[in-house]
Amino acid sequence: MSKAITDAEVASLSDDALMRLEREIARKYMTGLSIPMVLWPTFNVGIWLSLWPLVIIGSLPLWVAAPIALLNMMLAYLPSHDAQHDSYARPGERLRWLNQTIGHVSSALLANSYRILRETHLEHHRHANKPGLDPDYVSHSGTTAWETLWNSLMSMQPDTPASNTYLATIERLGNENCRKGKRDQAIITLSHFGILFVMAANGMALEAFFLWWLPLKLAVFYLQFYLSWAPHRDMGTGRYRDTRSFRSIGGTWWTSGMTAHVCTTCTRAFRWTAPQQPLKRCCRFCAPVKSMWRDANQFLLADSQGEAHSFCSHLMFGRVL
Amino acid sequence: MELIFKYLPVLFGGLFLGPVTAEILTRSSLIDHLGRPSGQADAEQIALGLSLTQLCMIAGALWGLVAVFRGRWI
């Protein structure tokens, strides 16, 4: 961390000045493409695809393949998320094709359109925790873990308020990407169910069930719980108010780094200065920012959520809470 | 196309959930509780002149139809 930031009287700085400090830190982390974040979706999709022939020819028992498939589904979202934020490459950049390929393929694993996930996720960032505008609001609104799981279950139903939020958002936005996203989603949905039906017709319904359908549903529970509800529950609206850090018995890895999800919210400045950086580097960015903010937020140390965190916590953004 | 998506739960119930249920019954010991030796029940007509898979597919499709009108599977 630079001396200028270390010595900054951050408590008395305006939001604009703080933003400038954040950008100054972020610039130091503007490095090249993250190879691990490219290998992650490559291996994840490759392993999942390889499960099918291995199980069908009997080389791999279904009871072994099913947990691997579940892991694949749980790991599929974050690369898609990074692509949604143009983290691999922005429009017009040389590796833009890579960004889009990772986004489309990872999302397809989850039987979702990348374009729809992107549009709804960006809308979530614009309106986090605002009823009627945040497409993920239903996922955040549970008051208990059980209620959240129930909300997830309702989001999987054919026609419930919880299951219609993304479609409502897409129709409200109504831009070209949304129209293409609806087309993509129709193709993906028909393909997804078509594959399930063909497998079932050939006496392999259980294989399809345990390699795709069930892992996908369980992954949705996981994703909505840890990537949506846990970082946003009981929070307000606004850049420094809509996301919280949390501690999980499973730690940072089990929660897909969502214990530090506040990083992705705080990194508006980071995205401006280092937009090609994926989530992984976001945390490296947050570490020095944490030091900067800690001084400004001593009064929040008594907060029950305010235990020190390995990456960053809402403590450091608490000055404006 | 809209019709297909509207009635997708019926297709899903009949063409996937039904066969999944039938396979669970036939590929596990659960089939023994239906009074049929394991592995043979599917080929036999177990009720109404229908095989286990056919019965499960009909049940799945009916459940899917209920889901279409209720908007929920459960």
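Predicted, not measured: the structure shown is a model, and the values here were computed from it.

1. Description of the overall build of chain B
For chain B, the helix and strand inventory stands at three helices and zero strands. Along its sequence from the N terminus, chain B presents helices and strands in the succession α-α-α. Burial status across chain B gives 34% buried among its 74 residues. Within chain B, contacts between residues separated by at least 24 positions form 52% of all contacts whose residues are at least 6 apart in sequence. Carbon and sulfur atoms form 66% of the exposed surface of chain B, whose accessible area is close to 4,300 Å².

2. Some words on the packing of aromatic side chains
Following the criterion strictly, the structure yields 15 aromatic pairs over all chains and no others. A ring pair is formed by Phe193(A) and Phe197(A), whose centres lie 6.1 Å apart and whose planes are at 40°; its orientation type is tilted. Taken together, the residues Phe193(A) and Phe197(A), both in helix α10 (residues 176-201) and four residues apart, mark about one turn of the helix. Classification of Phe193(A) as buried rests on a relative accessible area of 17%. The exposure class assigned to Phe197(A) is buried, which follows from its relative accessible area of 15%. Between Phe225(A) and Tyr226(A), the ring centres sit 4.9 Å apart and the planes meet at 75°, which makes this aromatic pair edge-to-face. Of the two residues examined, Phe225(A) and Tyr226(A), each falls in the buried class. Joined through ring pairs, the aromatic side chains of Phe193(A), Phe197(A), Phe209(A), Phe210(A), Trp213(A), Phe12(B), Phe16(B), Trp63(B) and Trp73(B) make up one cluster.

3. Quick word on the environment of Gln224(A)
Residue and element names in this part refer to chain A. Structurally, the position occupied by Gln224 is in helix α11 (residues 205-232). A relative accessible area of 18% means that Gln224 is categorised as buried. Taking the C-alpha atoms as reference, Gln224 lies 24 Å from Leu196; in sequence the two are 28 residues apart. Not counting residues within four places of it along the chain, the set of residues in contact with Gln224 comprises Ser139, Thr148, Ser152, Ser155 and Trp229.

4. Points about the side chain of His124(A)
Residue and element names in this part refer to chain A. When you line up the elements, His124 lands in helix α6 (residues 114-126). Note on His124: relative accessible area 3%, which makes it buried. One polar contact links His124 to His232, side chain to side chain, over a distance of 3.3 Å. For His124, the contacting residues outside a window of four places in its chain are Asp134, Pro135, Asp136, His140 and His232.

5. Some words on the confidence of the model for chain A
All names here are of chain A. Confidence in the prediction for chain A averages 77 pLDDT; 70% of positions are at 70 or higher. Across residues 1-8, where pLDDT falls below 50, the model places 13 contacts with residues more than four positions away in sequence or in other chains. Taken together, the stretch residues 291-321 has pLDDT below 50 and engages in 82 contacts with residues farther than four places along the chain or on a different chain.

6. A word on the environment of Gly103(A)
Locating Gly103(A) in the fold gives a position in helix α5 (residues 96-109). Excluding residues that lie within four positions of it along the chain, Gly103(A) makes contacts with Ser80(A), Ala83(A) and Tyr114(A).

What counts and what doesn't
Residues numbered from 1 in each chain as written. Chains lettered and ligands numbered in written order. Predicted model: local features only at pLDDT ≥ 70, side-chain atom pairs only at ≥ 80, totals over all residues. Heavy atoms only, no water. Helix = DSSP H or I, 4+ residues; strand = E, 2+ residues; numbered from the N terminus. Buried < 20%, exposed > 50% of the residue type's maximum accessible area, 1.4 Å probe, protein only. Contact = heavy atoms within 4.5 Å. Areas by Shrake-Rupley, 256 points an atom, 1.4 Å probe, with all protein chains shown as cover. Phe/Tyr/Trp six-rings, centres within 6.5 Å; stacked < 30°, edge-to-face > 60°. Polar contact = N/O pair within 3.5 Å; in protein donor to acceptor, adjacent residues only side chain to side chain. pLDDT = per-residue confidence, 0-100.

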